[in-house]
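One-letter residues, chain by chain:
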Amino acid sequence: KSTGVSLYFEHDDDDGKGSQPHLINLIDSPGHVDFSSEVTAALRITDGAMVVVDCIEGCAVQTETVLRQSLAERVKPCLFVNKVDRCILELQMEPEDMYGRFRKAIEDVNVIIATYNDALMGDVQVAPEKGTVAFGSGLHGWGFNVERFAKIYAAKMGVDKEKMMKRMWGDNFFNAKKKTWTNVQQPEGCDSPLPRAFCQFIMTPINQLMRAIMDDQKEKYEKMMGTLGIVLKGDDKALTGKPLMKRTMQIWINAADTLLSMICTKLPSPQTAQKYRVENLYEGPMDDEAAKAIRACNKDGPLMMYVSKMVPTSDKGRFYAFGRVFSGTIATGQKVRIQGPHYKPGGKEDLNVKNIQRTVLMMGRSTEQIADVPCGNTVALVGIDQFLLKSGTLTTLEDAHNIADMKYSVSPVVKVAVKVKDGKELPKLVEGLKKLSKSDPLVVCTTEESGEHVIAGCGELHVEICLKDLRDEYAQCEFIVSDPVVSYRETVNETSNQTCLAKSPNKHNRIYLTAEPMSDELCVAIEDGKCGPKTEAKERARTLREKYEWDENSARKIWCFGPETEGANVVVDATQAVQYLIEIKEHVNSAFQWATKEGPLCEENMRGIRFNIMDVTLHTDAIHRGAGQIMPPTRRCCFAAELTAKPTLQEPVFLVEITCPQEAMSGVYNCMNLRRGCVFEENPREGTPLVQVKAHLPVAESFGFVAALRQATSGQAFPQCVFDHWENLPGDALQEGSKMQELVLATRKRKNIKVEMPKLGEYLDKL
């Protein structure tokens, strides 16, 4: 998974001060869609991102995911266009075609950046002439950006570097006869079109050198090396062919130098970045001590640090807490307040005050011990792993709020149940599950009421890797894994056909509710937090009124969201002049949390249901309307309201992106049709025989999909699956023998609940 490393790099800015030392904290995170949670964890504690794009395939689905996450976190992106060596050697492309291909890739990235841009960061679009795009080959270890060549040519031609950089990209052509620059490809007086400056000055030399070495034209490449000042030392002189080409390119245009100097010059330092990121990072008010400290990024200020993930150490079962210091200095033996995600300022819950045993720097695989780490750097801490679950805030301020938790772009929808082969090893498995949920930012390990242990991940590959870790690392015992199952959500299709009534156990209180569906856009907005419980109430009411056509009163009177106080279900108070209503609000809310967590159909979460409290009749004595009298009827009434409003299930749907040659398309369509998938767009990639297909595929059908697709297309198609949205299942759950009812009953059987449809009579009371 992702690893962190701290590098020391000296960079010369050409401002006469000589080379300045820089400290760069890098975190490398995996690119596969199933691990986008690792990317989120890394983005929280970094200020800039280097996005790698394949120059032949262009933007993939995960490029968009990664860029969307980084712009939401206000992390500034830089671009690296990879696999240029394939253009030169495999595809034998002309420089002009390469330029077209690069420009297409860069434009795709800029379209995504423009879509999710944040006004506070200013214009963060990448452009080669700004020096924010590098080209190269990661495999061979060489890379360049336009700035690098502009420096060389600017010295030669006697112009300044900035001017030269603008000339090196876009429609600029150098007329060698007249020694002038023009922006027309074929000016008058020229018999052939001029080569583009980017091609003539940058791509052609690289092209010639690489091909000369590969074709073994000794005097040609030795002459070129002489003029470029490439000196081979020692054993390198004996190399020929590909190894020589790699070595030469590494000496001439080293990827590491290019990338590090790009990071130093183009990406912001912590002092600049924290000024505009503090609003996203910090939950509390923007003018208290902690927020000011983060903004100032002062190493003598109070300590504020965020731990974004747990890294397993060499001794089994212990973790380093890896994170970033946002203000102050963290030192060995320091006493800090460890605040978990549920901590509220002034409260005691989720708070530990402990000493830090050691602070270490992460250096890839190994670690270096260090006495203290000032703000702006990443650091790993020893000895606090048992007080944190996955992430948390460390501070020395008494009244500091938390640094906000991370928003994941995917949700865990694929579940497997595990049970041990040998009953004696159950404690091992339970311990192992605890450690597993620590080590991965996204995985959710729960114990069902039936006693089975369930692991939820966001895709087949993710769950597979979690199980492998569990078997080899954390539990070290054999266990049996059930077939993967999918979590559904319960929802309604129309408004309840009657106002449902439920009475309290002592028959003195009555609650009248109806249920109605909410639009899908609104559900997504609540889950993203745009209309969620943490937004400002007046703003939320205005959005609901203008965008989603709620009426004024109900938009203001949202009592609560659920499940977990932040899901996409709401209770709206639609009553008129009821006495004592405010006193039962808390009880109704907690009953609603309980009801939405386990719905009536098959104990899955509810989603997209709006419950309207129509009327309440309460007893005058406070003692007869306590929690015990209000909660059970509220829950039963919610269930009855759902069952009278055409209840259905929603299933999760993957967005699948498939890259494959045109002739393999029939296999893709066959495979999709067998699995209820639907293809909704096809883009041929220009200049390649490949087609990019986007399709929606239900998660329930996605198990073994990758293998089946590879079989159907004899290994030519590459699928990538990302969780996309929830979709209502067709059919009626309450109709005998329908597909939907079979699904509900199968889920109930799996969960050990009695295998029959819930009866309305159990929940609905008569007047």
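Presented here is an overview of the structure given in this document. (Residues numbered from 1 in each chain as written. Predicted model: local features only at pLDDT ≥ 70, side-chain atom pairs only at ≥ 80, totals over all residues. Heavy atoms only, no water.)

1. Considering the sheet that holds strand E6 (residues 142-145)
Then, number 1: The 4 strands lie next to each other as E3-E4-E5-E6, forming an open sheet whose pairing is mixed. In this open sheet, the two edge strands, each paired with only one partner strand, are strand E3 (48-54) and E6. Averaged over all pairs of adjacent strands, the angle between strand axes in this sheet comes to 25°, irrespective of strand direction.
Then, number 2: Summarising the sheet, strand E5 (residues 133-137) and E6 pair through 4 bridges and their orientation is antiparallel. Bridging from a neighbouring strand, Gly136 pairs with Gly143 of E6.
Then, number 3: Lying on the sheet, helix H5 (residues 146-157) is in contact with E5 and E6; it crosses E6 at an angle near 70°.
Then, number 4: Contacts from helix H10 (residues 255-266) reach E3, strand E4 (76-82), E5 and E6 within the one sheet, and its direction differs from that of E6 by about 35°. (Pairing = 2+ DSSP bridges. Helix = DSSP H or I, 4+ residues; strand = E, 2+ residues; numbered from the N terminus. Axes fitted to C-alpha atoms, helices over the stretch in contact; angles between N-to-C directions. Contact = heavy atoms within 4.5 Å.)

2. Section: the packing of helix H1 (residues 36-44) against helix H2 (residues 61-72)
Then, number 1: At their nearest, the axes of H1 and H2 sit 10 Å apart, and the two run at 25° to each other. Classified by the angle between their axes, H1 and H2 sit roughly parallel to one another. Seen along the crossing, H1 lies across H2 with a hand that is right-handed. Across from Ser36, Val39, Thr40 and Leu43 in H1, the residues of H2 making contact are Val66, Gln69 and Ser70.
Then, number 2: Looking at the contact of H1 with H2 residue by residue, the classes come out as 3 nonpolar, 4 polar and no charged. (Parallel < 35°, antiparallel > 145°, perpendicular 65-115°, else oblique. Left-handed = near helix turned anticlockwise from the far one by under 90°. Nonpolar A, V, L, I, M, F, W, Y, C, P; charged D, E, K, R; others polar.)

3. A look at the pairing of E4
Then, number 1: Counting buried residues along E4, 6 of its 7 residues qualify, which places the element largely inside the surrounding structure.
Then, number 2: Crossover E3 to E4 through H2 is right-handed.
Then, number 3: Across 3 bridges, the pairing between E4 and E5 is parallel. Within E5, the position partnered with Val81 by the bridge is Phe135. (Buried < 20%, exposed > 50% of the residue type's maximum accessible area, 1.4 Å probe, protein only. Right-handed = clockwise from strand over helix to strand, strands pointing away.)

4. Digging into helix H16 (residues 537-548)
Then, number 1: Between its first and last C-alpha, H16 extends 15 Å over 12 residues, near the 16 Å set by a 1.5 Å rise per residue.
Then, number 2: Arg540, Ala541, Leu544 and Tyr548 are the residues of H16 that are buried. Viewed end-on, H16 has its buried residues packed into an arc of 100°, placing them on one side of the element. More than 90 degrees from the buried face of H16, the exposed residues found are Lys538, Glu546 and Lys547. (Expected span 1.5 Å × (residues − 1). Arc of directions from axis to C-beta.)

5. Some points on the sheet that holds strand E28 (residues 569-573)
Then, number 1: Taken together, 5 strands build an open sheet; the order of strands is E25-E26-E29-E28-E27 and the sheet is mixed. A strand with exactly one partner marks an edge of an open sheet, and here the two such strands are strand E25 (500-503) and strand E27 (558-562). On average, each strand axis in the sheet is inclined to that of its neighbour by 25°, with strand direction left out of account.
Then, number 2: Bridge count between E27 and E28: 4 bridges; the pairing is antiparallel. Counterpart to Ile558 in the pairing with E28 is Val572.
Then, number 3: Taken strand by strand, helix H18 (residues 585-597) contacts E27, E28 and strand E29 (609-617), and its axis lies near 30° from that of E27.
Then, number 4: Seen against the sheet, helix H19 (residues 627-643) touches E25, strand E26 (510-517) and E29 and runs at an angle of roughly 35° to E26.

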